[in-house]
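# Architecture at a glance
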Amino acid sequence: MKYRIGVDIGGTTVKLAAVDENFKLYDKSRFSTGEGCTSESIVQGIIDHCRPLIEKYDVEAIGIGSAGTIDSKNGIAVSAGNLPFRNEPVVAKVESALGIPTFIDNDGTCALIGEKTAGACKGYEDSVIITIGTGIGGAILIGDRVVRGHNNRAGELGHFVIDRNGIKCECGLHGCFEQYASATALINTTTVAAAAYPSSILAKLCRENGIEGKTVFDAKEQGCPIAIGLLDEYGRILADGLNSLVHIFQPQVIAISGGVSRQGDALLELVRPHMFKQCKVVTSSLLGDGGIIGAALLGTEHAR
Ligand SMILES: [Zn+2]
């Protein structure tokens, strides 16, 4: 059987695995892109982690999904938010080190390719994937084609404005959707609420376990009224944004991926009551592996 390697470069971790023709993953591994890493060390890490997979499996191609602006035609990571890439010729370096055809694309696009081929968007010609984690990203499929836009930069689904007098965003605008609906935003509102209601279950969980995106979900599970109110508002904000995407793209389905999607039904029950009925909202069914599977399929007909 032929295999392809999928590499998913995120803000803090690079994950990779060999992927077979049935989209099954083998020998998944990861390494950190934490403090002190350079674009050279990330590319070298990819090469070092691919080598044993190439020795073990009949690998015909390597696909890389990376956060940020990616020039997929020329194989260059142009720039990438938290990552140190600045016009890094990733594809040329990996190909010359390993001698295997290599492709690169945006990580949101890779997640969409994964979901439409083997996950929650399978069977739909018009779909949107929205990745909700530290920030918000995404990708759009219309008429079974990935919408890439000029310079391959379409799909920044976190950066439409919902409050022009709102919080300043790194992109230069004020009041972007990401500022209210990302996991970071959820952590910020959790922090404020825990300080305002120190005797609440929410505040107790924050003190005991630290504050994460899931903390408020845990507190709601324990019946905390502060957490219930906070998540009700979060669900409304999320639905406002997703309904706006429905107006613009008319997808048959929106798949939510990223850290927040791990809440599954607990997340969907916040959003669904406020959604337009013509569009299904689901969470990613590939549990974080969609980016690897989609990256592995770069260069094939699935990635059109
Ligand atoms: Zn923005």
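Look up: the structure comes first, before these words.
Not measured: the values here are computed from a predicted model. (Residues numbered from 1 in each chain as written. Predicted model: local features only at pLDDT ≥ 70, side-chain atom pairs only at ≥ 80, totals over all residues. Heavy atoms only, no water.)

With that settled, the discussion passes to the coordination of the zinc ion. Looking at the metal site, the zinc ion is ligated by His 159 (ND1), Cys 169 (SG), Cys 171 (SG) and Cys 176 (SG), spaced 2.0 to 2.3 Å from it. Geometry at the zinc ion is tetrahedral, judged from its four donor atoms and the angles of 102 to 118 degrees they form at the metal. Assessed through its relative accessible area of 0%, Cys 176 is described here as buried. (Donors = N, O, S within 2.8 Å, 3.2 Å for Na, K, Ca; no water. Tetrahedral: all angles 85-135°; square planar, octahedral: opposite > 155°, others 65-115°. Buried < 20%, exposed > 50% of the residue type's maximum accessible area, 1.4 Å probe, protein only.)

Here we take up the packing of helix α5 (residues 183-196) against helix α8 (residues 225-249). Running from N to C, α5 and α8 cross one another at 150 degrees; their axes reach a closest spacing of 11 Å. With respect to each other, α5 and α8 are oriented roughly antiparallel. Once α5 is placed against α8, the crossing between them reads as right-handed. Between α5 and α8, the contacting residues are Leu 186, Thr 189, Thr 190 and Ala 193 on the first element and Ile 226, Leu 230, Leu 231 and Tyr 234 on the second. Grouping the constituent residues of the contact of α5 with α8 by class yields six nonpolar, two polar and no charged. (Axes fitted to C-alpha atoms, helices over the stretch in contact; angles between N-to-C directions. Helix = DSSP H or I, 4+ residues; strand = E, 2+ residues; numbered from the N terminus. Parallel < 35°, antiparallel > 145°, perpendicular 65-115°, else oblique. Left-handed = near helix turned anticlockwise from the far one by under 90°. Contact = heavy atoms within 4.5 Å. Nonpolar A, V, L, I, M, F, W, Y, C, P; charged D, E, K, R; others polar.)

Its location among the elements puts Asn 165 in the loop between β11 (145-146) and α4 (178-181). Take Asn 165: its relative accessible area is 65%, and that puts it in the exposed class. Residues Asn 165 and Gly 175, ten residues apart in the sequence, show an inter-C-alpha distance of 6.4 Å.

Moving on, we get to the layout of surface pockets. Each pocket or cavity is described by its volume, and for the second largest pocket that value is around 210 Å³. Along the walls of the second largest pocket sit Thr 69, Ile 70, Asp 71, Ser 72, Lys 73, Val 78, Arg 148, Gly 149, Asn 151, Asn 152 and Arg 153, which together make up its complete lining. The element contributing the most residues to the lining of the second largest pocket is strand β5 (residues 69-71), with three residues. (1 Å grid on protein atoms, 1.4 Å probe; cavity = no way out; pocket = protein on both sides within 12 Å on 5 of 7 lines; lining within 4 Å. Points joined across faces, edges and corners; volume = space filled by probe spheres on them.)

What the five strands build is an open sheet, ordered β3-β2-β1-β4-β8; its pairing is mixed. The sheet is open, and its two borders are formed by β3 (25-32) and β8 (102-106), each paired with just one other strand. When the angles between neighbouring strand axes are averaged without regard to direction, this sheet yields 15 degrees. As judged from the six bridges shared by strand β2 (residues 13-19) and β3, these two strands associate in the antiparallel manner. Paired with Val 19 across the two strands is Leu 25, which belongs to β3. Packing against the sheet, helix α1 (residues 39-56) makes contact with β1 (3-9), β2, β3 and β4 (59-66), and its axis sits at approximately 160 degrees to β3. Packing of helix α3 (residues 107-118) onto the sheet brings it into contact with β1, β4 and β8, and relative to β8 it is tilted by some 100 degrees. (Pairing = 2+ DSSP bridges.)

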